[in-house]
Amino acid sequence: MLERKLFHLERSREFWFLRYADSARELQEHIAIRWQHTRLDDETRGRAEAMLRGEPNARLWLRERVGIRSLRPIIGTI
C-alpha cells in the first residue's frame, strides 16, 4: 500500500511483546504454528520442563520484537 502510494505512513514503532505459556509444550506448539524459521526442539522443551518442575512458581515466556504502523489514506487514491 505504501509503494502503490495509496497510504501515507504516519507512525511506526517497535516494541517487545511477551507471550506467556502454561507449559513448554504449549510454547513449542505456538512457535511451530506462528513462526516460519524457528523451532523449539524436543531437547530444549525437555530442559524447560525440567526447570519448571524445579521451580513451581516460575513461568515460561517468550519475548519477540514486533512492530506496529499507523497508515493514513492519501486523498484521491481510493
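All values derive from a computational prediction rather than experimental measurement.

S.K.: Sorry if this is basic, but what is going on with the overall build of the chain here?
M.R.: Within the chain one finds two helices and two strands. Start at the N end of the chain and walk to the C end: the helices and strands fall as β-α-α-β. Radius of gyration (C-alpha) of the chain: 19 Å, far over the 12 Å computed for a compact globule of 78 residues. Its C-alpha atoms give the chain principal-axis dimensions of roughly 60 × 25 × 15 Å. Per-residue burial over the chain gives 18% buried out of 78 residues. Of the roughly 6,800 Å² that the chain leaves accessible, carbon and sulfur atoms contribute 50%. For the chain, the distance from the average position of its 16 positive side-chain charges to the average position of its 12 negative side-chain charges is 8 Å.

S.K.: When you look at the packing of aromatic side chains in this model, what are you seeing that I'm missing?
M.R.: Any pair of aromatic rings gets described here by the distance separating the centres and the angle formed by the planes. Evaluated as defined, the whole model comprises zero aromatic pairs. Across the ring face of Trp16, the terminal group of Arg65 is positioned such that the distance to the ring centre comes to 5.1 Å.

S.K.: Would you mind going over the nonpolar core with me for this structure?
M.R.: A general feature of soluble globular proteins is that nonpolar side chains tend to end up buried together. Among the nonpolar cores identified, the biggest contains eight residues, and these are Ala21, Ala24, Leu27, Ile31, Leu40, Ala48, Leu60 and Leu62. Secondary structure elements with two or more residues in this core: α1 (24-34) and β2 (60-73). The biggest single contributor to this core is α1, with three residues. If we skip the residues at most four places from it in the chain, Ile31 touches Thr38, Arg39, Leu40 and Leu62.

S.K.: Is there a simple way to think about the environment of Glu26 in this case?
M.R.: Following the sequence through the fold, Glu26 ends up in helix α1. If we skip the residues at most four places from it in the chain, Glu26 touches Tyr20 and Ala21.

S.K.: Explain helix α2 (residues 42-54) here, please?
M.R.: One turn of the α-helix equals 3.6 residues, which is why residues spaced by three or four share an orientation. Look at α2: 19 Å from first C-alpha to last across 13 residues, which is about the 18 Å you get at 1.5 Å a residue. Taking the backbone nitrogen of Glu43 as reference, a side-chain oxygen 3.2 Å away marks Asp41 as the first, capping residue of α2.

S.K.: Sorry, what's going on with the pattern of salt bridges here?
M.R.: Pairing is possible between side chains that carry opposite charge, provided their charged atoms lie close to one another. Taken as a whole and judged by the stated rule, the model has five salt bridges. The partner of Glu49 in a salt bridge is Arg45, and the shortest N-O contact between them spans 3.2 Å. In this pair, Glu49 and Arg45 both sit in helix α2, four residues apart, roughly one turn of the helix. The structure contains a network of salt bridges with shared partners spanning Asp42, Arg45 and Glu49.

S.K.: I'm lost on the side chain of His30 in this one. Help?
M.R.: Tracing the chain through its elements places His30 in helix α1. Overall, the relative accessible area of 15% leaves His30 in the buried class. Excluding its chain neighbours within four sequence positions, the residues that come into contact with His30 are Arg19, Trp35, Leu62 and Glu64.

S.K.: What's the story with a nonpolar patch on the surface in this structure? I'm lost.
M.R.: A grouping of Leu2, Leu9 and Leu71 is seen on the molecular surface, where their side chains present a nonpolar patch of about 200 Å² in accessible area. What makes Leu2 partly exposed here is its relative accessible area of 31%.

What counts as what
- Residues numbered from 1 in each chain as written.
- Predicted model: local features only at pLDDT ≥ 70, side-chain atom pairs only at ≥ 80, totals over all residues.
- Heavy atoms only, no water.
- Helix = DSSP H or I, 4+ residues; strand = E, 2+ residues; numbered from the N terminus.
- Rg over C-alpha atoms; globule rule 2.2 N^0.38 Å.
- Buried < 20%, exposed > 50% of the residue type's maximum accessible area, 1.4 Å probe, protein only.
- Areas by Shrake-Rupley, 256 points an atom, 1.4 Å probe, with all protein chains shown as cover.
- Lys, Arg positive; Asp, Glu negative; His and termini not counted.
- Charge placed at Lys NZ, Arg CZ, Asp CG, Glu CD.
- Phe/Tyr/Trp six-rings, centres within 6.5 Å; stacked < 30°, edge-to-face > 60°.
- Lys NZ or Arg CZ within 6 Å of the ring centre and 35° of its normal.
- Core = buried A, V, L, I, M, F, W, Y, C linked by side-chain atoms within 4.5 Å.
- Contact = heavy atoms within 4.5 Å.
- Expected span 1.5 Å × (residues − 1).
- Polar contact = N/O pair within 3.5 Å; in protein donor to acceptor, adjacent residues only side chain to side chain.
- Salt bridge = Lys/Arg side-chain N within 4 Å of Asp/Glu carboxyl O.
- Patch = residues over 30% accessible without salt bridge, like charges linked within 9 Å, V, L, I, M, F, W, Y side chains within 5 Å.

Any functional reading would require information that these geometric values do not contain.
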